[in-house]
Amino acid sequence: MVRQQLLSIVGMIALTIAAFSTASASAAQSACTPAQIAHGSCRPVPVIGAENNGDGVTIIGKVDVRGPGAPGTGGPAAGIPIVAPPSTPPPPAVVRDSYTAYLIRISDLVKFKPTPGTNHMQPDGWMVVGLDANFYSRAATQVKTGDLLGKPATVRFTPVAYRWSYGDGSSRVTTTPGATWHALGLDEFDRTATSHAYRAAGTYVIDLSIGFVPEYRYASDTDWIPIAGYVWSSANRLV
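Not measured: the values here are computed from a predicted model. (Residues numbered from 1 in each chain as written. Predicted model: local features only at pLDDT ≥ 70, side-chain atom pairs only at ≥ 80, totals over all residues. Heavy atoms only, no water.)

*Asks:* Can you break down the side chain of S195 residue by residue, with the values?
*Replies:* Mapped onto the fold, S195 is located in the loop between helix 3 (181–184) and strand 11 (196–197). Within the structure, the side chain of S195 is placed 2.7 Å from the side chain of D132, a separation counted as a polar contact. Every residue in contact with S195, bar those within four places of it in the chain, is listed here: D132, A133, N134, F135, Y166 and R172. (Helix = DSSP H or I, 4+ residues; strand = E, 2+ residues; numbered from the N terminus. Polar contact = N/O pair within 3.5 Å; in protein donor to acceptor, adjacent residues only side chain to side chain. Contact = heavy atoms within 4.5 Å.)

And the structure:
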């Protein structure tokens, strides 16, 4: 769809797209003019970047096509020249006077968020004052895929940090999700890396946020590209 849209607007006034910061670029640099793209002799290469706002990841793809002599462009934009077989003459170029004076920019984006993990405690729903209640989480590495400029964009979220708020003013950040006492080979009320002892009777609200490390790749790229920062996702609340 995006490619068809690009062909249909060559020679029109530029589309205004806000600038963005790329975590990485996955495009080689060579030249395409709007006329070459119009008759199929050159295929533009998208430049792919990633943004992380702490709540999710946005993968952004941009295709820039600059006409020769366009003001401020410094030359043609990214693309892969397509060499036609010698026996197949290229179709005649559709040349429009206005295309040399404007920048045509196609941009697309796709957003990803991890599925929240789960928050658990032992004993289930109650605690004994002065003894450790055991908290643990279940969260898995997730791979999310969406369509970007007609090709698959994929983000992988790996859980690496767990931030518990125990409801009594205490909190803890761990690199382990914890586990049940049985799985840890411990007895009930034994201390664990994620347990907490309450000093007074009452009703407490326990929240958990899970920090995921995001990585992405685009189309046929085989290596995962890291994205700076964590994506935080809230698990279920315990009351």
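*Asks:* How would you summarise the packing of aromatic side chains if you had to cite specific residues and measurements?
*Replies:* Aromatic rings considered in pairs are described by the distance between their centres and by the relative angle of their planes. This structure, assessed with the given rule, holds seven aromatic pairs. Seen in terms of ring centroids, F135 and Y166 are 5.2 Å apart; in terms of plane orientation they differ by 50°. Their pairing is tilted. Residue F135 is located in strand 7 (residues 132–138), and its partner Y166 is located in the loop between strand 9 (151–165) and strand 10 (171–174); the two are separated by 31 residues in the primary sequence. Three or more aromatic residues joined by ring pairs form one cluster here, namely W126, W181 and F189. Lying across the ring of W232, R163 places its NZ or CZ 4.0 Å from the centre. (Phe/Tyr/Trp six-rings, centres within 6.5 Å; stacked < 30°, edge-to-face > 60°. Lys NZ or Arg CZ within 6 Å of the ring centre and 35° of its normal.)

*Asks:* Please provide a residue-by-residue account of the pairing of strand 8 (residues 142–148), values included.
*Replies:* Where strand 8 meets strand 9, seven bridges bridge the pair, whose relative direction is antiparallel. The residue bridging D147 from the neighbouring strand is P152, located in strand 9. Linking strand 8 to strand 9, which pair antiparallel, is a turn of two residues; within it L149 sits at a positive phi near 55°. (Pairing = 2+ DSSP bridges.)

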